[in-house]
Amino acid sequence: MKLKRVLKNIFVGGLLIAMLSPLILDYITMMNQASDVNQFLNKTEDSSKVSLKEAENKVIGILTIPKIKLRIPIYKNTSEYALSNGCGLIEGSDNLSVDHNNKHSSLSSHNGQSINRLFTKLEKLENGDKFFITLGKEILEYQVFDTQTHEPTYADVLNPIKGKDVVSLMTCTPIVIHSHRLYKFGERIETNLNDGYHFGTNFGLLDFVISYWYFLLAWLVFASICFYLLNTKKKPKKVLRKG
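Residues numbered from 1 in each chain as written. Predicted model: local features only at pLDDT ≥ 70, side-chain atom pairs only at ≥ 80, totals over all residues. Heavy atoms only, no water.

## Focus: the confidence of the model for the protein
So the rule is basically this: Scored between 0 and 100, pLDDT is the confidence that the predictor attaches to each residue. In what follows, a contact means two residues having at least one pair of non-hydrogen atoms within 4.5 Å.
Summarising the model, the protein shows a mean pLDDT of 79, and 73% of its residues fall at 70 or more. Note on residues 46–52: pLDDT under 50 across the span, and 3 contacts to partners over four residues away in sequence or across chains.

As structure tokens, then:
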């Protein structure tokens, strides 16, 4: 009986760990994001010592969207690493630049990946909302002015917009189906860091727990009930004797 109970506890424990695995993976991803962001902001490495793999995953900037509490690295390509850990510059769009040059740069990232903070909440951005792009020591501010949805093959959406310095943010939509592409267009405006740039500069374990307390609480309650039921001894039934 003891062995049977131990095996049941092991099985339930494994099941509970599996339920937590998406949260654990998301935490690891967020720590990778934070590491890449900090390395970019405190960049001191010798470029001659950068490996080929590091060069392929090079961070070229930081994207900050206060409304959806997002701060992620911008990579120079749209590799799977870039789209899973931050956002990437779409091939065919213009390079990011601090100059006012009437160009259109477009950044892409995944959505719908568990609860990870990528572009899952991008649709919440409305006209007038702000986002920031950090390039070296320069911080550029953009204001959302348009939203468009297109089929994946529609390339004209990356064309420059006359008289505007534009950065568009793109992700797949709707979640899971991913049949179309959602674009949020932002026009460069005069930078004002009081527009929310300084939110949550440091994101650690405590911030993660606070952000997902409801999930962790539900998991803790479920785990407690499971182990209580497994380890509660049943009272033996009383046998009435005739006599």
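## What to know about the nonpolar core
As a reminder of what qualifies: We define the nonpolar core as a collection of buried residues of types Ala, Val, Leu, Ile, Met, Phe, Trp, Tyr and Cys that are connected through side-chain atoms lying within 4.5 Å of one another. Burial classes follow relative accessibility: with a 1.4 Å probe on protein chains only, a residue under 20% of its type's maximum area counts as buried, one over 50% as exposed, and anything between as partly exposed. A run of H or I in DSSP counts as a helix once it spans at least four residues, and a run of E counts as a strand once it spans at least two, with each numbered from the N terminus.
In this structure, Leu63, Ile65, Leu107, Phe119, Phe131, Ile133 and Leu169 are the most contacted members of the largest nonpolar core, which totals 21 residues. At the level of secondary structure, the elements contributing two or more residues to this core comprise strand E1 (59–65), strand E2 (70–75), strand E3 (87–89), strand E5 (130–135), strand E6 (138–150) and strand E7 (166–173). Ignoring sequence-local partners within four residues, the contact set of Ile133 consists of Ile62, Leu63, Ile74, Leu96, Leu107, Glu138, Ile139, Leu140, Tyr142 and Val167. Among the nonpolar cores identified, the runner-up in size contains 7 residues, and Ile90, Val157, Val166 and Tyr183 belong to it.

## Digging into the packing of aromatic side chains
Selection rule: A pair of aromatic rings is counted whenever rings of Phe, Tyr or Trp (Trp by its six-membered ring) have centres within 6.5 Å, and the orientation is called stacked for planes under 30 degrees apart, edge-to-face for over 60 and tilted otherwise.
A full pass over the atoms with the stated rule returns 4 aromatic pairs. Both rings, one in Phe145 and one in Phe185, keep their centres 6.2 Å apart while their planes meet at 50°; by these two values the pair is tilted. Linking Phe145 in strand E6 with Phe185 in strand E8 (residues 180–189), this pair joins segments that are 40 residues apart in sequence. Phe145 gets classed as partly exposed once you look at its relative accessible area, which sits at 25%. For the pair Tyr183 and Phe185, a centre-to-centre distance of 6.1 Å together with 25° between the ring planes defines the contact as stacked.

## Description of the sheet that holds E2
The criterion, for reference: Strand pairing follows a simple DSSP-based rule, namely that at least 2 bridges must link the two strands. Where helices are involved, their axes are fitted lines through C-alpha atoms of the stretch in contact, as for all axes, and angles between N-to-C directions lie from 0 to 180°.
The sheet built from 8 strands closes into a barrel, its strands ordered E1-E2-E3-E4-E7-E8-E6-E5 with mixed pairing. Averaged over all pairs of adjacent strands, the angle between their axes in this sheet comes to 30°, without regard to strand direction. Across 9 bridges, E6 lies against E8 in antiparallel orientation. Residue His150 lies in a different strand from E8, and its bridge partner there is Arg181.

## As for empty space enclosed by the protein
If a probe the size of a water molecule is rolled over the atoms, the empty space left behind becomes visible. We apply this condition: Only protein atoms enter the 1 Å grid, on which a cavity is a set of points fitting a 1.4 Å probe that cannot get out and a pocket is an open set with protein on both sides within 12 Å along at least 5 of 7 lines, lining residues being those with an atom within 4 Å of a point. Grid points are joined across faces, edges and corners, and a volume is the space filled by probe spheres set on the points.
All chains considered together, the criterion is met by 1 cavity of 30 Å³ or more. Considered as a void within the structure, the largest cavity measures approximately 90 Å³ in volume. In terms of lining, the largest cavity is formed by 13 residues, of which the most central are Ser97, Asn101, Ser105, Tyr142 and Val166. Within the residue set of the lining of the largest cavity, elements represented by two or more residues are strand E4 (104–108) and E7.

## Examining the pairing of E4
The buried count for E4 comes to 5 of 5 residues, which makes it a mostly enclosed element. Neither face of E4 is left uncovered, since the one carrying His104, Ser106 and Ser108 and the one carrying Ser105 and Leu107 both have all their residues buried. Here 2 bridges tie E3 to E4, and the two strands are oriented antiparallel to one another. By the bridge assignment for E4, Gly88 is matched with Ser108. Two strands pair when backbone bridges link them, and E4 and E7 are joined in this way by 5 bridges, in the parallel orientation.

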